[in-house]
Amino acid sequence: MRAADEMTDSQAAEIAEDVEETTPETPRKRWLWAETGLLLGFLAMGVLVMIKLWMDPNGRVLQGNDSDHGIFLFMLAHAERVVFDGGPLFFEDRFNVPYGVNMMANTSILALSLPLAPVTHFFGGGVTVVLLMTLGLAGTAAAWYWVLSRPLGRSRVAAAIGAAFAGLGPAMVSHANGHVNFVNNYLLPFIVWQVLRLREPGRAWRSGVILGLLIVVQIFINEEALLFVALTLGIFAVSYAIMERAEAKRVWKRFVGGLAVAALTSGVLAAYPLWRQFFGKGTYHGQPFDPSKYVMDLVSPGAFARNSLFGIGAITRRLSVSATEDNTFWGPFGLVMIIVSIVILWRNSAMRATAIAGMVLLVMSFGPKLQVAGFRTDVPLPFALIKHVPVIDLVSVSRFAMVPSMVAGVLLAFAYDRIREYPEKTRRRFRIGLVLALVPLIPRPLPVFEGTPMPEFITAGLYKQYVPEGRTLITVPMPEVTTGRTGQRWANLNNLDYATPRGYFMGPAEPPHNNTGSWSAPSRYTSWMFKNVGRTGEVPQITPWRREQVDADMKYWKAAVLVLVPDEKHSAALRTLLVELYGQPELVGGAEIWRVNS
């Protein structure tokens, strides 16, 4: 830490000398205009990435991960109900009827969705999603720029390079394919800054309280990212203390004291929400998949992401688990420049500890067994030792690599300033390398597709004549994690004005007997039958037993009306099944519906 301060002072002196050489009337105004332009550039880049969705936010769907696009529409619809209808804050009872959804056990982004509830109410959840994605990308880059250029003392050019890599790099752009929570990372740089300030005399209480408040807000944006940053800072602190024992002995008491204040502040404020998350109705443990399934490939750091300028989708798909998980993908020159930056900064203890922390998280992202170029190997990795640790077992392993991407931005910023001490030839080579590294990573607009438009039966509120209070509207195919996404999208774009069963969310697999995490509600016979017909196109014979099962499920779901979603796979077969069960449909407001007496 002291070494980082010494570097900062040295660089500040160089920058001051440069400023003195400029004409006296222009430097401050020039930098003000330059920084304003830079921030507008960050915003323009965010708009560019999301431009296709901006063209029709409520009608288009992100192609990279339409499921997660849909689940965040659900989070926004919940917040709209809380603000405008007085719905419960930490639980949603109009989704997955009759059980409901524990919102604290899901990525409910309440710190974002509640303030923007008026946008969701008046303009639609689709507008809120694209707004949050755009501002999240730009805001995260701006936050890193401020922290790097102010408290960390980097030159403005160096800070801009680091901020662009950390806030608009391949990892962040990848998550913009559907992960609102992982795109809005602008509090993380300030959390890092406040942790570093705890070592300063007289800062334990003040910075501890500020840090605690930041932690609470981050809990209501993305707990997973908070965990990653906490692990990184822990590894950084231990590594630095080993390397600089005298400094560690000098500051450890106030540093630990500040952490205690932060823990107390955040613990008191977040105690009840966290109790609801881990012990309330709808809580779960573990993930619905094996940790070894979603990992980063050893080759991925040197490849290009699918949404980067030089990205090749076929290659990226072999190395990445999904379009929202391209968490490294720095490109060959990017990887080389990160390594070069580590070499340049290695003699500095703080930078060495930073690099070590990033490398540890990168190794963790490879999972329990190594994967190389898409091939699974039997080579064991350290993550196998901790994969069942509580809380760790709730995260997606590949996302540990988001931290190395942020660390890489910090290292590039510090290396850019340190290279000024080197001969001109070396400085020129470094800058050429940066250009070769960064230009191929310029993001392209994210792909979208046109969603199935809602029928007038829903948009005009005609369903209210058929769905009394306390009853549900069921779209067929039913909302699930892999099917029925259109039905879930319709319900959420209407801010859950009508209640609906099932859906895509995180909850217990078979409560109360099996509380393992699941992406959907416990299966019932009718939901399985609808899903199977939608998958195969084969309609079963409706026997008295099957009819009895369907009637029982409709009663359980409190169904009032079934609505067939058109243009789905095997929608004709699903229509035949519904006719067999309930007779010919009514055509109301452009929708085929079947009334249910349950």
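Below you will find a few notes about this structure.

Criteria and cut-off values
One numbering rule holds for all chains: residues counted from 1, following each sequence as written. Confidence filtering applies because this is a predicted model: local features only for residues at pLDDT of at least 70, side-chain atom pairs given and counted only at 80 or more, and all residues used for totals across whole chains, interfaces and linings. Where side-chain values are given, they derive from all heavy atoms of the structure, hydrogens and water being excluded. The secondary structure listing takes helices from DSSP runs of H or I that are at least 4 residues long and strands from runs of E that are at least 2 residues long, numbered from the N terminus. Restricting the calculation to C-alpha atoms gives the radius of gyration, and the globule rule supplies 2.2 Å times the number of residues raised to the power 0.38. Buried means the residue's accessible area, taken with a 1.4 Å probe over protein chains only, is under 20% of the maximum for its type, while exposed means over 50%, and partly exposed covers the values in between. Whether two residues are in contact is decided by their heavy atoms: any pair within 4.5 Å suffices. For every accessible area listed, the method is Shrake-Rupley and the probe measures 1.4 Å; residues are considered covered only by the protein chains on display. When charges are tallied, Lys and Arg are placed among the positive residues and Asp and Glu among the negative ones, while His and the ends of the chain are skipped. Where a charge lies is defined by one atom per residue type: Lys uses NZ, Arg uses CZ, Asp uses CG and Glu uses CD. Think of it this way: DSSP has to see at least two bridges between two strands before they count as a pair. By convention in these notes, a salt bridge is any Lys or Arg side-chain nitrogen within 4 Å of a carboxyl oxygen on Asp or Glu.

1. Section: the overall build of the protein
Then, number 1: Tallying secondary structure elements over the protein gives 23 helices and twelve strands in all.
Then, number 2: Relative to the compact-globule value of 25 Å for 598 residues, the protein shows a C-alpha radius of gyration of 26 Å, a close match.
Then, number 3: Across the 598 residues of the protein, 57% fall into the buried class.
Then, number 4: A separation threshold of at least 6 residues defines the contact pool for the protein, and within that pool the share at least 24 residues apart is 77%.
Then, number 5: Carbon and sulfur atoms make up 63% of the accessible area of the protein, which totals about 25,200 Å².
Then, number 6: Across the protein, 55 positive and 46 negative side-chain charges occur, with their mean positions spaced 5 Å apart.

2. Examining the pairing of strand 10 (residues 559–564)
Then, number 1: Of all six residues in strand 10, six are buried; the element is thus mostly enclosed.
Then, number 2: Pairing of strand 7 (residues 472–476) with strand 10 involves five bridges; the strand directions are parallel. Bridge assignment links Thr472 to a residue of strand 10, and that residue is Ala559.
Then, number 3: Where strand 10 and strand 12 (residues 591–595) come together, three bridges link them in antiparallel fashion. Bridge pairing in strand 12 links Val561 to Arg595.

3. Section: the pattern of salt bridges
Then, number 1: For the structure on display, the rule yields 21 salt bridges.
Then, number 2: Across the pair Arg399 and Glu224 runs a salt bridge whose closest N-O atoms are separated by 3.1 Å. Of this pair, Arg399 sits in the loop between strand 5 (375–380) and helix 17 (402–418) while Glu224 sits in helix 12 (residues 223–243), and the two are 175 residues apart along the sequence. Neither residue differs from the other here; Arg399 and Glu224 are each classed as buried.
Then, number 3: Here Arg399 ties to Glu325 by a salt bridge, and the two come within 2.8 Å at their closest N and O atoms.

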